[in-house]
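Geometric and topological summary
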Amino acid sequence: MKNILSLFDGISCGQIAINRAGIPYEKYYASEIDKYAIKVTQKNFPETIQLGDVTGIKGNEFENIDLVMGGSPCQGFSFAGKGLNFADERSRLFFEFERILKEVDPKYFLFENVVMKKEYEQVISDRLGVEPIMIESNKVSAANRKRLYWTNIKGVQQPPNRGITFGDVREYGADEKYYYNEKTLEWFRKEENRTGKKMKIIGDGEKMQMLEASMWRKHSRQRFFGIEDAKGYRYITPKECERCMTVPVGYTDSVSDTQRYKQLGNGWTVDVISWILGFIS
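Residues numbered from 1 in each chain as written. Predicted model: local features only at pLDDT ≥ 70, side-chain atom pairs only at ≥ 80, totals over all residues. Heavy atoms only, no water.

**As for the state of the cysteines**
All chains considered together, the criterion is met by zero disulfides. With no disulfide partner, C13 has as its closest neighbouring cysteine sulfur the one in C241, 12 Å distant. Looking at C13, the relative accessible area reads 3%, which means it is buried. In this model C241 remains outside any disulfide bridge; the closest cysteine sulfur is found in C244, 6.4 Å from its own. (Disulfide = S-S within 2.5 Å. Buried < 20%, exposed > 50% of the residue type's maximum accessible area, 1.4 Å probe, protein only.)

Here it is as structure tokens:
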């Protein structure tokens, strides 16, 4: 493969994946505007050519791009969002992916997004000319994460279930700062009394719930869970997040914990992407 263009590159999970799939390439171009994501990428892949804002990219200025990939911001598509779909300025960035894809005309493309209403999914399918495949990340990782993948790579199938659970990625001897303090535990108790919903304890034989960019807040009505050990209840650690996303441990340690949670929650499950890219002939 000659060159790769990654749009909305984030922390370059796509670059980890293509290396993991064993596909050689010459240049990797990345479009990203988040300075913390760029910092993580450049620490791990210093040869990455950063292009900045996707709206300023002119696809006809590139030569020999064999693969265009990306996952535009999903807040407007997500069932957990406000349901604004293509009226949401973040989700409208899909059309930038479509524009650049047409301008570059690569041999292969891969577009990822959340599971969404069928009517929105169909718009994307019609414009990209392919139907998506839904892959649940928990087949290759310790966390739940259903995502849709549109690609012209032929023959992509479901990955085999590796049977990985949270116990396989658990960090032992976690720092005290990840343990819930009494104030947080009291918040959990009040929520339990108010809603009747009990704090979920993630056991070693279970899957972690889907990781998301807002998880840096550590607890909410969506993140109503704890990990239990002899010292009490705690939150998921950044290392455990990396393992759940099948990102190398320590990959994001050049930024703060807050940013590690945000960037990983926005990222891709690397082993799903490497599985799909493995079908390139």
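**Things to note about the pattern of salt bridges**
If charged atoms from side chains of opposite charge come close, those side chains can pair. Within the structure shown, the criterion is met by 19 salt bridges. R234 is the salt-bridge partner of E240, the closest N and O atoms lying 2.7 Å from each other. Accessibility classification places E240 together with R234 in one group, the buried group. Each of R20, R162 and D271 takes part in one network of salt bridges that share partners. (Salt bridge = Lys/Arg side-chain N within 4 Å of Asp/Glu carboxyl O.)

**Topic: empty space enclosed by the protein**
Counted by the stated rule, this structure contains one cavity of 30 Å³ or more. Taken as a whole, the largest cavity spans an internal volume of roughly 30 Å³. (1 Å grid on protein atoms, 1.4 Å probe; cavity = no way out; pocket = protein on both sides within 12 Å on 5 of 7 lines; lining within 4 Å. Points joined across faces, edges and corners; volume = space filled by probe spheres on them.)

**Concerning helix α2 (residues 35-44)**
Within the sequence span of α2, burial applies to A37, V40 and T41. All buried residues of α2 project into a common sector of 95 degrees when viewed along the axis, lining one side. Of the residues that open α2, the one with a side-chain oxygen 2.8 Å from the backbone nitrogen of Y36 is D34. (Helix = DSSP H or I, 4+ residues; strand = E, 2+ residues; numbered from the N terminus. Arc of directions from axis to C-beta. Polar contact = N/O pair within 3.5 Å; in protein donor to acceptor, adjacent residues only side chain to side chain.)

**Details of the pairing of strand β7 (residues 146-151)**
In terms of burial, β7 is a largely internal element, five of the six residues being buried. Where strand β5 (residues 108-114) and β7 come together, five bridges link them in antiparallel fashion. In the strand pairing of β7, F111 is matched with W150. With four bridges connecting them, strand β6 (residues 133-136) and β7 associate as antiparallel partners. Looking at β7, one finds that I135 is bridged to R147. (Pairing = 2+ DSSP bridges.)

**Overview of helix α1 (residues 13-20)**
Among the eight residues of α1, six are classified as buried, and the element is accordingly described as predominantly covered. Within the sequence span of α1, burial applies to C13, G14, Q15, I16, A17 and I18. Against β1 (3-7), β2 (27-31), α2, β4 (65-70) and α9 (270-277) lie the buried residues of α1. Residue G22 follows α1 closely and has a positive phi angle near 75 degrees. (Contact = heavy atoms within 4.5 Å.)

**Details of the packing of helix α3 (residues 94-104) against helix α4 (residues 118-128)**
Direction vectors running N to C along α3 and α4 enclose 10 degrees, while the axes themselves pass 11 Å from each other. Comparing their axes, α4 and α3 come out roughly parallel. Along its contact with α3, which presents F94, F95, F97, E98 and L101, the element α4 presents I124, R127 and L128. Residue composition of the contact of α3 with α4, grouped by class: six nonpolar, no polar and two charged. (Axes fitted to C-alpha atoms, helices over the stretch in contact; angles between N-to-C directions. Parallel < 35°, antiparallel > 145°, perpendicular 65-115°, else oblique. Nonpolar A, V, L, I, M, F, W, Y, C, P; charged D, E, K, R; others polar.)

**Quick look at the sheet that holds strand β10 (residues 232-234)**
Taken together, the three strands give an open sheet; going across it, the order is β8-β9-β10, and neighbouring strands pair in mixed fashion. Every other strand in the sheet has two partners, leaving β8 (200-201) and β10 as the edge strands with one partner each. In terms of strand pairing, strand β9 (residues 225-229) meets β10 through three bridges, oriented antiparallel. The residue bridging E228 from the neighbouring strand is Y233, located in β10.

**Considerations on the packing of aromatic side chains**
Applying the stated criterion across every chain, the model contains 15 aromatic pairs. When the centroid spacing of 5.1 Å and the interplanar angle of 75 degrees are considered together, the rings of Y29 and F62 count as edge-to-face. Of this pair, Y29 sits in strand β2 while F62 sits in the loop between β3 (49-50) and β4, and the two are 33 residues apart along the sequence. With relative accessibility at 14%, the residue Y29 sits in the buried group. Overall, F62 belongs to the buried group, its relative accessible area being 18%. Counting every residue linked through ring pairs, the aromatic cluster contains Y180, W187, F188, F224, F225, Y235 and Y261. Stacked on the ring of W216, the Lys or Arg K262 has its end atom at 5.0 Å from the ring centre. (Phe/Tyr/Trp six-rings, centres within 6.5 Å; stacked < 30°, edge-to-face > 60°. Lys NZ or Arg CZ within 6 Å of the ring centre and 35° of its normal.)

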